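# Commentary on secondary and tertiary structure
Given next are the chains, with one letter for each unit.
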Amino acid sequence: MSIDFAQLITTIVNDQDLIAKVLLLIFMSLYVFFAIILLTQVKHLSKIVDQISVTPIIKGISALHLGASLVLLVITIFI
Amino acid sequence: MDTESLSGEFILEKKSAETIEAKKIKNTEEPPPVKLSHNDLHFYSSYSERPQGIRFESQYQGEEILLLIRAAQITNLPWILVALLLIITPPLLVPLMPFLPNLALSTPIQTLILAFYYLMVSGFILVEFVLWYFNAGFVTNTRIVDADIEGIIYKHVSEAKLDLIQDVSYTQIGAVRNLFNYGDIFIQTAGSLPNFEVLKAPRPAHIVHLIESLRVDKK
């Protein structure tokens, strides 16, 4: 049993893809959280300073940034 | 002895009275009026007179924005250079990859890491631009409004009526600030009202002159 466990650990440690994937998942989850905060703040700040021709574009880019973060997170989960 | 002392004091008093009178005359001199033109407003505008197509949160109906002030465009150069460096770094590192010891990541994982890296770079650019863009000051026909954004989760908006402004000054220290004509503007208000600092503002002398003339007009 202990030999199997040691083998398992060795396999995990030697599997660089698995380690990289786990780290990516952790950092991407945090990044999605950051992207949500960024989008929320941009929406709030748009009320303070509203430049009619530019503000919707900044909001759109922030939403796109969040969307890209989510897509990348999903791809990492299923790859 | 006493008489001499008294006369001396009297002379001193007279002199100081003259000085006060001179100061009074100086203070009553009104700055020449400033003519404001209409400037086109772009996403990169750091200074705009009578800007069209912009409003702020607490703007009253009929309140006209006379001036929009953001930090001078040149102050964005450091983060733009950092962003460019971050963008070109991965292609420069690719030739070095074979020399990295014991790194055997599959192509999909490498692609994901690269995509995540560029996502973070785009996030960095977005945050820096948002911080510059929303850090704006407005001079309207009745008051001054200053929105301070520090970091992505701190915001502070302060305002003061033009007739409550006591003193407007600016500093321009350093060769870069003089070369690109930007500096820090300080607006002192009466009583317990908050004072304003418009940092790295373009054309500070002109803005100070403009606020001064608006203040005099209000009084």
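Residues numbered from 1 in each chain as written. Chains lettered and ligands numbered in written order. Predicted model: local features only at pLDDT ≥ 70, side-chain atom pairs only at ≥ 80, totals over all residues. Heavy atoms only, no water.

### Some words on the overall build of chain B
Formally: Helix and strand definitions follow DSSP, with helices as H or I runs of at least four residues and strands as E runs of at least two, each counted in order from the N terminus. A 1.4 Å probe rolled over the protein chains alone gives each residue an accessible area, and that area as a share of the maximum for its type sets the label: buried under 20%, exposed over 50%, partly exposed in between. The Shrake-Rupley method, run with a 1.4 Å probe, gives the accessible areas here. Residue values count only the displayed protein chains as cover.
Along the backbone of chain B there are five helices and nine strands. Along chain B, helices and strands appear, N-terminal first, in the series α-β-β-β-α-α-β-β-β-β-α-β-β-α. A buried classification covers 35% of the 219 residues belonging to chain B. For chain B, the exposed area adds up to about 13500 Å²; of that, 61% sits on carbon and sulfur atoms.

### Some points on the overall build of chain A
Test applied: Within these notes, the globule rule equals 2.2 Å times the number of residues to the 0.38 power, and the radius of gyration is based on C-alpha atoms. We call two residues in contact whenever any of their non-hydrogen atoms come within 4.5 Å of each other.
If you tally the helices and strands in chain A, you get three helices and one strand. Ordered by position in the sequence, the α and β elements of chain A form the string α-α-β-α. For a compact globule of 79 residues, the expected C-alpha radius of gyration is about 12 Å, and chain A comes in at 20 Å, more than 25% above that figure. Taken along its principal axes, the extent of the C-alpha atoms in chain A is 65 × 20 × 15 Å. Counting only residues that meet the buried cut, chain A has 34% of its 79 residues in that class. In chain A, 68% of the contacts between residues at least 6 apart in sequence involve partners at least 24 apart. Carbon together with sulfur atoms contributes 79% to the accessible area of chain A, which is approximately 4800 Å² in total.

### Considering the packing of helix H2 (residues 16-48) of chain A against helix H3 (residues 107-134) of chain B
Stated formally: For helices, the axis comes from a line fit to the C-alpha atoms of the stretch in contact; other axes are also lines fit to C-alpha atoms, and the angle between any two N-to-C directions lies between 0 and 180 degrees. Every angle not falling under 35 degrees, over 145, or within 65 to 115 is termed oblique; those three ranges are roughly parallel, roughly antiparallel and roughly perpendicular. Two helices that cross are described as forming a left-handed crossing if the nearer one is turned anticlockwise from the farther one by less than a right angle, and a right-handed crossing if clockwise.
Orientation of H2 of chain A relative to H3 of chain B, taken along the N-to-C sense of each, is 20°, at an axis distance of 11 Å. Relative to H3 of chain B, H2 of chain A is oriented roughly parallel. For H2 of chain A against H3 of chain B, the interelement crossing comes out left-handed. Across the interface between the two elements, Asp 17, Ala 20, Lys 21, Leu 24, Phe 27, Met 28, Tyr 31, Phe 34, Leu 38, Val 42, Leu 45 and Ser 46 of chain A from H2 of chain A touch Ile 109, Leu 112, Ile 113, Phe 116, Leu 119, Met 120, Gly 123, Leu 126, Val 127, Val 130 and Phe 134 of chain B from H3 of chain B.

### Considerations on the pattern of salt bridges
Between side chains of opposite charge, a pair can form when the charged atoms approach closely. All names here are of chain B. To keep things clear, this is the line we draw: Note on definitions: salt bridges are taken to be side-chain nitrogens of Lys or Arg within 4 Å of carboxyl oxygens of Asp or Glu.
For the structure shown, the criterion picks out six salt bridges over all chains. A salt bridge links Arg 143 to Glu 63, with the nearest nitrogen and oxygen atoms 2.7 Å apart. Of this pair, Arg 143 sits in strand S5 (residues 143-150) while Glu 63 is found in the loop between strand S2 (54-56) and strand S3 (65-70), placing the two residues 80 residues apart along the sequence. Relative accessible area serves as the criterion here: at 2%, Arg 143 is assigned to the buried category. Between Glu 159 and Arg 143 there is a salt bridge, with its nearest N and O atoms 2.6 Å apart. Taken together, the residues span a long stretch of sequence, with Glu 159 in strand S6 (residues 154-161) and Arg 143 in strand S5 at a distance of 16 residues. What emerges from the salt-bridge pattern is a single network uniting Glu 63, Arg 143 and Glu 159.

### A look at the interface of chain A and chain B
Going by this rule: Each of two parts loses accessible area, computed with a 1.4 Å probe, when they are put together; buried area is these two losses added. For this analysis, a polar contact is any N or O atom pair within 3.5 Å, provided that within protein one partner can donate a hydrogen and the other can accept it, and provided that sequence-adjacent residues contribute only side-chain to side-chain pairs.
Taken together, the contact between chain A and chain B spans 34 residues of the former and 38 residues of the latter. The three residues of chain A that bury the most area against chain B are Ile 48, Val 49 and Gln 51 of chain A, which together make up 21% of that side's buried surface. For the pair chain A and chain B, the interface holds one salt bridge. A salt bridge links Arg 55 of chain B to Asp 50 of chain A, with the nearest nitrogen and oxygen atoms 3.2 Å apart. Connecting chain A to chain B are nine residue pairs in polar contact (both at pLDDT 80 or more).

### Regarding a nonpolar patch on the surface
All names here are of chain B. Stated precisely, the cut-off is as follows: What makes a patch is a set of residues exposed beyond 30% relative accessible area and free of salt bridges, joined within 9 Å when like-charged and within 5 Å when nonpolar (Val, Leu, Ile, Met, Phe, Trp, Tyr).
Together, Leu 77, Ile 80, Leu 81, Leu 84, Leu 85, Ile 87, Ile 88 and Leu 92 line one region of the surface with nonpolar side chains, adding up to about 720 Å² of accessible area. Turning to its location among the elements, Leu 92 is positioned in helix H2 (residues 77-93). Here Leu 92 falls in the exposed class, since its relative accessible area comes to 57%.

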